[in-house]
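So you can see what is in the structure, the chains are spelled out below.
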Amino acid sequence: MEKQVDYIIFGQGIAGTVLAYTLIKNGKKVHIVDDNSISACSRVAAGNFNPIVFKRLVKSWMADELIPFADHFYRECEQFLNQKFYWKKEIVKIFAEENERDFWLKKSSDESVSNYLSKNIESEFFPDIIHNPLGATFVKGAANLFVSKYLDDFRNYFIKNGLLSSEKFDYQNVFLNSSGVNYKNIQAKKLIFCEGYKIMDNPFFNWIPLKPAKGEVITVKIKNLPTDKIINKGVYMLPIGDDLFIVGTTYDWNNLNDEPTEKARNEIAEKLSKVLKVPFEIVDQQAGVRPSVNDRRPAIGLHPEHTSLGVFNGMGTKGVMLSPYFSEHFYLHLEKGTSLDKEVNISRFQK
Ligand SMILES: Cc1cc2nc3c(=O)[nH]c(=O)nc-3n(C[C@H](O)[C@H](O)[C@H](O)COP(=O)(O)OP(=O)(O)OC[C@H]3O[C@@H](n4cnc5c(N)ncnc54)[C@H](O)[C@@H]3O)c2cc1C
C-alpha cells in the first residue's frame, strides 16, 4: 500500500535530521531514507560551535543569529526526545605567540566581537599538562552537540514511529507526477535531498558547485584535564568523558572518502605533542567528507524546473550551527512562501 507524506527526506546526517524535526514539529508528515553508512561526516563532527574565526578574530558568519537559534533548538530537541546531548562549553584559547595575545587583547575591546572574547588572561592553565607560557583566555557563547548521540536518538525515534527506511537511496526510483513525487511506495508533495557531499552523484542537483573537504580526527586518552572546556591551540581538544578527547582536524580536497589515514593521524598527533607536556595514547581515528560549497555558504532551495524536488545541503564545516536556523528558514519558504536569503539560495548558481 502506498504511504502518503508531505516530505520525503533523503539523508539523516545533521542536515536531514534537523530539517525532519523542524517539519514534524510544524505538523508535517515526513519519511526519511538513509542507510547510515554512506557518509560519516556528521558522525565524525566534533559538534562544536564557535562564534569566532580564530585567525582573524572576527565574528563567524551570522553568529549573532545562528547561535541563539541553535541553542534554543537543541534544548527543545532534548526535551522532545527526553535525552541529553547538548552543552554550553567554553573554548579555552591557549596563546602560541605574543602577537596573538596582543591582537586578542585589542580585539576584546572591539564592539563587533567583544561580547564573545574574554578580556581575562589566565597566566596558568593546567601548567603541568599544557605548554602555555603566554597564558590562556576563553571564547564566550560556544557550545557542543554530541552529534552521534543526537543522530542515534533521532534515528531510534524515527524507526519507532515508522518514519525511516534504512536502505540505500536509488535516484532511479524517483518519479515526478502531478501530485508531487513518488519514491518506491511513498508519495510525497516534495522530496528534499540532504545526502551531504554525495549530492555530487545526484542527477537533479549535481550542478551545485561543491568543494568537499575530507577531515579527520583522532581520539586520545589524556589524564587530569578539565572535562567541561574545549581547549584550542592549533588543534581543538574536545572532552568526551573517561579521560578521552577528540582532537582535530585536517583538510584534504583530493581524497574524498571516509578512510582514516596515517598521514592525518601523524599531522594531528604532531600538533598535539606541541600542546601537551605529557604523553598521550591514540585510541581511535575517524574521517568524513564535509559538503562545502565553493562560496562557503549553504545550498538551499527548490529545483528550478522540478519544484517537487529540493535541496538542504552545503553545510560545510558548520553543519551543527547552521542547520537549525536554516531549516526554519527553509520551512517558512516551503510552507509560507517567504523568500530565501540570496546568500543561501541555490538560484545563485543559475546563469
Ligand atoms: C572531522 C570533521 C569535524 C567536524 N567538526 C564540526 C564541528 O565541530 N562543528 C560543526 O558544526 N561541523 C563540523 N563538521 C562539519 C559537519 O560534520 C558537516 O557540516 C555536516 O556533517 C554535514 O551534514 P549533512 O547532513 O549535510 O551531511 P552527512 O553528514 O554527510 O549526511 C548525509 C547522510 O546521507 C546518507 N547517504 C548519502 N548517500 C546515501 C545513499 N545513496 N543512500 C542512503 N543514504 C545515503 C549518509 O549515510 C548520511 O547519513 C566537521 C566535519 C568533519 C569531517
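Quick notes on the rules
Residues numbered from 1 in each chain as written. Predicted model: local features only at pLDDT ≥ 70, side-chain atom pairs only at ≥ 80, totals over all residues. Heavy atoms only, no water. Domains from an automatic or database assignment. Contact = heavy atoms within 4.5 Å. Buried area = accessible area lost by both parts, 1.4 Å probe. Salt bridge = Lys/Arg side-chain N within 4 Å of Asp/Glu carboxyl O. Polar contact = N/O pair within 3.5 Å; in protein donor to acceptor, adjacent residues only side chain to side chain. Near = heavy atom within 4 Å. Areas by Shrake-Rupley, 256 points an atom, 1.4 Å probe, with all protein chains shown as cover. Helix = DSSP H or I, 4+ residues; strand = E, 2+ residues; numbered from the N terminus. Buried < 20%, exposed > 50% of the residue type's maximum accessible area, 1.4 Å probe, protein only. Pairing = 2+ DSSP bridges. Phe/Tyr/Trp six-rings, centres within 6.5 Å; stacked < 30°, edge-to-face > 60°. Lys NZ or Arg CZ within 6 Å of the ring centre and 35° of its normal.

Asks: Please clarify how the domain arrangement of the chain should be interpreted in this entry.
Replies: The figure often quoted for interface size is the accessible area lost as the parts come together. As assigned here, the chain comprises domain 1 (3-45 + 148-209 + 295-349) and domain 2 (90-141 + 213-290). Spacing between the C-alpha centres of domain 1 and domain 2 amounts to 32 Å. In this complex, domain 1 contributes 9 residues to the contact, which on the side of domain 2 involves 10 residues. Summed over both sides, the interface between domain 1 and domain 2 buries roughly 770 Å², with carbon and sulfur atoms accounting for 65% of that surface. Counting the surface domain 1 buries against domain 2, the share from its top three residues, Cys41, Val44 and Tyr197, is 61%. Applying the counting rule to domain 1 against domain 2 returns 0 salt bridges. Our count for the domain 1 to domain 2 interface comes out at 1 residue pair in polar contact (both at pLDDT 80 or more).

Asks: Just checking my understanding: could you explain the site of the ligand for this structure?
Replies: By nearness alone, 40 residues border the ligand, and Asp34, Ser39, Ser42, Phe169 and Gly316 come closest of all. Within the contact set of the ligand, an oxygen atom lies 3.2 Å away from a backbone nitrogen or oxygen of Ile14. At 2.9 Å, a backbone N or O of Asn48 approaches a nitrogen atom of the ligand. A total of 1,000 Å² of accessible area belongs to the ligand in isolation, and the protein chains cover 96% of it. Where the shell around the ligand is concerned, the elements lending two or more residues are helix H1 (14-25), helix H2 (41-44), strand E14 (213-221), strand E18 (281-290) and helix H7 (319-336). Residue assignment places the shell around the ligand across two domains, with domain 1 (3-45 + 148-209 + 295-349) and domain 2 (90-141 + 213-290) each supplying three or more.

Asks: Quick question: what am I supposed to make of the pairing of strand E17 (residues 244-248) here?
Replies: If a strand is regular, its side chains alternate between the two faces of the sheet. In terms of residue burial, E17 counts as a mostly covered element, since 5 of its 5 residues are buried. Where E14 meets E17, 5 bridges bridge the pair, whose relative direction is antiparallel. Across the sheet, the residue bridging to Val220 is Phe245, located in E17. Examined bridge by bridge, strand E16 (residues 235-241) and E17 share 5 bridges and lie antiparallel to one another.

Asks: How do you make sense of the packing of aromatic side chains when you look at a structure like this?
Replies: Both the distance between ring centres and the angle between the ring planes are used here to describe each pair of aromatic rings. Considering all chains together, one arrives at 32 aromatic pairs under this definition. A connected cluster of aromatic rings, assembled from ring pairs, spans Tyr21, Phe49, Phe73, Tyr74, Phe80, Phe85, Tyr86, Tyr150, Phe154, Tyr157 and Phe158. The side chain of Lys89 reaches across the aromatic face of Trp87, ending 5.3 Å from its centre. For Arg290, the ring lying beneath its charged end belongs to Tyr251, and the centroid distance is 3.9 Å.

Asks: Explanation requested: unusual backbone geometry in the structure shown.
Replies: Residues other than glycine predominantly adopt negative phi, and peptide bonds predominantly adopt the trans conformation. At the junction of Gly248 and Thr249, the peptide bond is cis and its omega measures out at 15 degrees in the coordinates. With respect to the helices and strands, Thr249 occurs in the loop between E17 and helix H6 (262-275). The backbone of Leu57 sits at a positive phi, close to 50 degrees, despite the residue not being glycine. Here Leu57 is to be found in the loop between strand E4 (52-53) and strand E5 (58-59). For Leu57, a relative accessible area of 3% corresponds to the buried category. Backbone geometry places Met62, a non-glycine residue, at a positive phi of 60 degrees.

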